Amino acid sequence: MITEFLNNKKTEPKVLVENKISFNGPQSQLSIYDTFEPAQKVQLKSDQPLFCAMISGKKVMHSDDDYHSDFFPHESFVMAPNQTVEIDFPIAQLAQPTRCLAIEISSERIAQVAEQLNYAQQKSKEFDHWRYQPQIVHTHHNAQTQALLQRMTHIYSENHQDRSFMIDLAVNELTIRLLRQQSRELMMSFCMHQSDFSGMTAAISYIEDHLADNIEIEYLCKLACMSRTKFFNEFKQNLGCTPLAFQQQQRLRKAYNLIKSGRQITQVCFELGFTSCSHFSRVFKQFYGTSPKAFQNKQ
């Protein structure tokens, strides 16, 4: 766990609000912020994109575009360059600090990764090209992203002989995950508003509208007007996974939002087409790193 690793490297704090320890890397910097007492309206700003991940405690984030949201562990919050965010720390304590991981990645580096994706994995013309959108991204990240953040904490803070190379690889992976997250949100918005624009938008919209159903791949291919091989290749090129894996991911994202809004776990499970609560709990934990019950209790 990230918390256990950082506790082993614990030092006396210099300040009680946003005590910062930083580790530099090529075109990036990883910082750990600890807050040991309640505070309000603490400003945070960076001239580069800033990827933040909660480790422990709770923050309340406020931005100048009238955005207000709680920020919990296993969530990511990405700030655009030169964007000011004000932060409240309602439950910070000396014995239980509110702790956040922040990774600053240069805009130039993100543009380089986007350019490589455009060369290697060009998206369908209706979905534009790979590029970073300078806006807030706030999401509950999956278990793979959590494992990546834990690995990055080790890499940045240890004096390994191949440290720079390993940081490069990890930053590339984190950047790709950010770009895919933004790209998927833009694609879903486009598909919901223009589902009949192309065969691919029709297929994606159909999956989104039938999350609880058993979907026939042959029917999706018919909607997309493509052979099975071409459809699978283009789908993975645009969304990074197979159609059925995409349906499962969208099911789990919808389940997350429904539970967060106060719906009962059993009701959500069967409403979204899962065959049993135990299966639903297992796949939810595999995806988010926490069980539906633990997530509900946190809310």
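**Student:** Just checking my understanding: could you explain the overall build of the protein for this structure?
**Tutor:** Helix and strand counts for the protein come out as 11 helices and 10 strands. Scaling as 2.2 N^0.38, a compact globule of 299 residues should have a C-alpha radius of gyration of about 19 Å, and the protein matches this with 20 Å. The principal-axis extent of the C-alpha atoms belonging to the protein is close to 65 × 45 × 40 Å. Here the protein holds 299 residues, and 47% of them are scored as buried.

**Student:** Which parts of the structure should I look at to understand the packing of aromatic side chains?
**Tutor:** Given two aromatic rings, one states the distance between the centres and the angle between the planes to describe the pair. Taken as a whole and judged by the stated rule, the model has 15 aromatic pairs. With centroids separated by 5.2 Å and ring planes inclined at 75°, the aromatic side chains of Phe190 and Phe197 adopt a geometry described as edge-to-face. Its relative accessible area of 45% is what places Phe197 among the partly exposed residues. Look at Tyr206 and Tyr219: their rings are 5.0 Å apart centre to centre, the planes differ by 55°, and that puts the pair in the tilted class. Of this pair, Tyr206 sits in helix 5 (residues 199-209) while Tyr219 sits in helix 6 (residues 217-224), and the two are 13 residues apart along the sequence. Each residue in the set Tyr256, Phe274, Phe280, Phe284, Phe287, Tyr288 and Phe295 is aromatic and connected to the rest through ring pairs, giving one cluster. Across the ring face of Trp130, the terminal group of Lys123 is positioned such that the distance to the ring centre comes to 4.6 Å. Its guanidinium or amino end placed over the ring of Phe274, Arg251 lies 5.3 Å from that ring's centre, counting from NZ or CZ.

**Student:** So what exactly am I meant to see when it comes to the sheet that holds strand 4 (residues 50-56) here?
**Tutor:** Two strands in a sheet stick together by hydrogen bonds in their backbones, pointing the same way (parallel) or opposite ways (antiparallel). In spatial order, the strands read 1-2-9-4-7-10; together these six strands make up an open sheet with antiparallel pairing. Two strands close off the open sheet at either side, each with one partner strand: strand 1 (19-25) and strand 10 (137-140). Across the sheet, the mean angle separating the axes of adjacent strands is 20° when strand polarity is ignored. Relative to strand 2 (residues 28-35), strand 1 runs antiparallel, the two sharing seven bridges. In the sheet register, Gly25 faces strand 2, and the bridge partner there is Ser28.

**Student:** In this structure, what is going on with the packing of helix 4 (residues 163-193) against helix 8 (residues 243-260)? I would like to understand it.
**Tutor:** To describe two helices that pack against each other, one gives the angle between their axes and the distance between the axes. Following both chains from N to C, one finds helix 4 and helix 8 inclined at 90°, their axes separated by 14 Å at the closest point. It follows from the interaxial angle that helix 4 and helix 8 lie roughly perpendicular. From helix 4, Gln181, Arg184 and Met188 reach across to helix 8, where they touch Phe246, Gln249, Gln250 and Arg253.

**Student:** Is there a simple way to explain the nonpolar core in this structure?
**Tutor:** Core analysis: the biggest nonpolar cluster contains 28 residues, and Ile103, Met152, Leu174 and Leu179 have the highest contact counts within it. Breaking this core down by element, the ones donating at least two residues are strand 2, strand 4, strand 9 (98-105), helix 2 (107-120), helix 3 (143-157) and helix 4. The leading source of residues in this core is helix 4, at six residues. For Met152, the residues in contact, after removing those within four places along its chain, are Leu30, Ile103, Ala170, Val171 and Leu174. Counting residues in each nonpolar core, the second largest holds 19 residues, with Met200, Ile207, Phe231 and Leu239 among its members.

**Student:** Would you explain the pattern of salt bridges in this entry?
**Tutor:** When charged atoms on two side chains of opposite charge get close, those side chains can pair. Considering all chains together, one arrives at eight salt bridges under this definition. Here Arg228 and Glu218 are joined by a salt bridge, their closest N and O atoms 3.0 Å apart. Placement of Arg228 in helix 7 (residues 228-239) and of Glu218 in helix 6 is noted, with a sequence separation of 10 residues between them.

**Student:** Looking at this structure, how should I read the sheet that holds strand 3 (residues 39-44)?
**Tutor:** With respect to topology, four strands assemble into an open sheet ordered 3-8-5-6, the strand pairing being antiparallel. Each edge of the open sheet carries a strand with a single partner, namely strand 3 and strand 6 (67-71). Each strand of the sheet is rotated relative to its neighbour by a mean of 25°, with strand direction disregarded.

**Student:** I keep staring at helix 2 and nothing clicks. Help me out?
**Tutor:** Owing to its 3.6 residues per turn, the α-helix brings residues three or four apart onto one side. Between its terminal C-alpha atoms helix 2 stretches 20 Å, which fits the 20 Å expected from 14 residues at 1.5 Å a residue. Those residues of helix 2 that sit buried are Arg109, Ile110, Val113, Ala114 and Leu117. Burial along helix 2 is one-sided: seen end-on, the buried residues are contained in an arc of 135°. Structural note: helix 2 exposes Glu108, Glu115, Gln116 and Tyr119 on the side pointing more than 90 degrees away from its buried face.

**Student:** Would you mind showing me how to read the packing of helix 4 against helix 5 here?
**Tutor:** Remark: helix 4 packs on helix 5, axes separated minimally by 9 Å, with the N-to-C direction vectors making an angle of 95°. Judged on the interaxial angle alone, helix 5 and helix 4 are roughly perpendicular. Residues Met188, Phe190, Cys191 and Met192 of helix 4 form the contact with helix 5, whose own contacting residues are Thr201, Ile204, Ser205, Glu208 and Asp209. Tallied by class, residues from the contact of helix 4 with helix 5 come to five nonpolar, two polar and two charged.

**Student:** What is the right way to look at unusual backbone geometry in this model?
**Tutor:** When glycine is set aside, most residues are seen to have a negative phi, and most peptide bonds are trans. Despite not being glycine, Glu18 has its phi angle at roughly 55°, a positive value. Topologically, Glu18 is positioned in the loop between helix 1 (2-8) and strand 1. With a phi angle near 60°, Cys225 is a residue other than glycine that sits in the positive phi range. Structurally, Cys225 can be placed in the loop between helix 6 and helix 7.

Calculation criteria
- Residues numbered from 1 in each chain as written.
- Predicted model: local features only at pLDDT ≥ 70, side-chain atom pairs only at ≥ 80, totals over all residues.
- Heavy atoms only, no water.
- Helix = DSSP H or I, 4+ residues; strand = E, 2+ residues; numbered from the N terminus.
- Rg over C-alpha atoms; globule rule 2.2 N^0.38 Å.
- Buried < 20%, exposed > 50% of the residue type's maximum accessible area, 1.4 Å probe, protein only.
- Phe/Tyr/Trp six-rings, centres within 6.5 Å; stacked < 30°, edge-to-face > 60°.
- Lys NZ or Arg CZ within 6 Å of the ring centre and 35° of its normal.
- Pairing = 2+ DSSP bridges.
- Axes fitted to C-alpha atoms, helices over the stretch in contact; angles between N-to-C directions.
- Parallel < 35°, antiparallel > 145°, perpendicular 65-115°, else oblique.
- Contact = heavy atoms within 4.5 Å.
- Core = buried A, V, L, I, M, F, W, Y, C linked by side-chain atoms within 4.5 Å.
- Salt bridge = Lys/Arg side-chain N within 4 Å of Asp/Glu carboxyl O.
- Expected span 1.5 Å × (residues − 1).
- Arc of directions from axis to C-beta.
- Nonpolar A, V, L, I, M, F, W, Y, C, P; charged D, E, K, R; others polar.

By themselves, these observations are geometric and do not establish any function.
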